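# Topology and contacts: notes
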Amino acid sequence: MDTETADVVDHDVTTITCVCGNTVSKDGLIQCNSDGIPVHNGEDSPVPAGLAPWPADEDLHTLCPACGRVYRDAVIEETGAAPVAFRVDVAEARIAEAIRIHWSLST
């Protein structure tokens, strides 16, 4: 089975065009942990219920909330390629709630 790969420009995770066509400026992409749970990026505030804490090892991933594809940031930054690491079900209660919380804090 061939690995799906997103388009990315210059090793920059903010330029991912997901396999489904989503981008940062379209429906948005979300930083997440290695389980695909959106992370809290507030440095000095407590982690809101529903979000994962920022990974201590800085092993960040990027979640496409439109389709559930997840990309590993370190691979993109090192190689300039954006293979899909895994997929999550964005309708599953835990993931869907974390996505909702992320967007509510981002506005």
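Anyway, here's the lowdown on the structure attached to this text. (Residues numbered from 1 in each chain as written. Predicted model: local features only at pLDDT ≥ 70, side-chain atom pairs only at ≥ 80, totals over all residues. Heavy atoms only, no water.)

## What about the overall build of the chain?
Along the backbone of the chain there are two helices and six strands. The order of helices and strands in the chain, counted from the N terminus, is β-β-β-β-β-α-β-α. Taken against the 2.2 N^0.38 rule, which gives 13 Å for 107 residues, the C-alpha radius of gyration of the chain at 13 Å falls within 12% of a compact globule. Taking the principal axes of its C-alpha atoms as reference, the chain extends roughly 35 × 25 × 25 Å. Per-residue burial over the chain gives 39% buried out of 107 residues. Partitioning the contacts of the chain with sequence separation of at least 6, the portion at a separation of at least 24 is 54%. By element, 50% of the accessible surface of the chain is carried by carbon and sulfur atoms, the whole surface being about 6000 Å². (Helix = DSSP H or I, 4+ residues; strand = E, 2+ residues; numbered from the N terminus. Rg over C-alpha atoms; globule rule 2.2 N^0.38 Å. Buried < 20%, exposed > 50% of the residue type's maximum accessible area, 1.4 Å probe, protein only. Contact = heavy atoms within 4.5 Å. Areas by Shrake-Rupley, 256 points an atom, 1.4 Å probe, with all protein chains shown as cover.)

## Quick notes on the side chain of His61
Tracing the chain through its elements places His61 in strand 4 (residues 61-63). Among the residues examined, His61 registers a relative accessible area of 4% and is labelled buried. In this structure the side chain of His61 is engaged in a polar contact, spanning 3.5 Å, whose partner is the backbone oxygen of Asp59. Setting aside residues up to four positions removed in sequence, His61 forms contacts with Ile30, Gln31, Cys32, Asn33, Ser34, Val70, Tyr71, Arg72, Asp73 and Phe86. (Polar contact = N/O pair within 3.5 Å; in protein donor to acceptor, adjacent residues only side chain to side chain.)

## Regarding the sheet that holds strand 2 (residues 12-17)
Here six strands make up an open sheet; going across it, the order is 2-1-6-5-4-3 and the pairing antiparallel. The open sheet terminates on both sides in strands that have one partner only, identified here as strand 2 and strand 3 (30-32). On average, each strand axis in the sheet is tilted by 45° relative to the strand beside it, whichever way the strands run. (Pairing = 2+ DSSP bridges. Axes fitted to C-alpha atoms, helices over the stretch in contact; angles between N-to-C directions.)

## As for the state of the cysteines
All told, the structure shown has zero disulfides when counted by the stated rule. We note that Cys18 lacks a disulfide partner, and the nearest cysteine sulfur, in Cys67, lies 3.5 Å from it. Cys64 carries a free sulfur, and the closest cysteine sulfur to it, the one in Cys20, is 3.7 Å from it. Using a relative accessible area of 0% as the deciding quantity, one classes Cys64 as buried. (Disulfide = S-S within 2.5 Å.)

## Description of the pattern of salt bridges
It is possible for side chains of opposite charge to pair when their charged atoms get near one another. Under the definition given, this model contains three salt bridges. With its nearest N and O atoms 3.0 Å apart, the salt bridge here joins Asp59 to Arg72. With Asp59 in the loop between strand 3 and strand 4 and Arg72 in strand 5 (residues 69-72), this pair connects stretches of sequence that are 13 residues apart. You can call Arg72 partly exposed: its relative accessible area is 35%. With its nearest N and O atoms 2.7 Å apart, the salt bridge here joins Arg100 to Glu97. Here Arg100 pairs with Glu97, and both are found in helix 2 (residues 93-106), just three residues apart, close to one helical turn. Given the relative accessible area of 34%, Glu97 is considered partly exposed. (Salt bridge = Lys/Arg side-chain N within 4 Å of Asp/Glu carboxyl O.)

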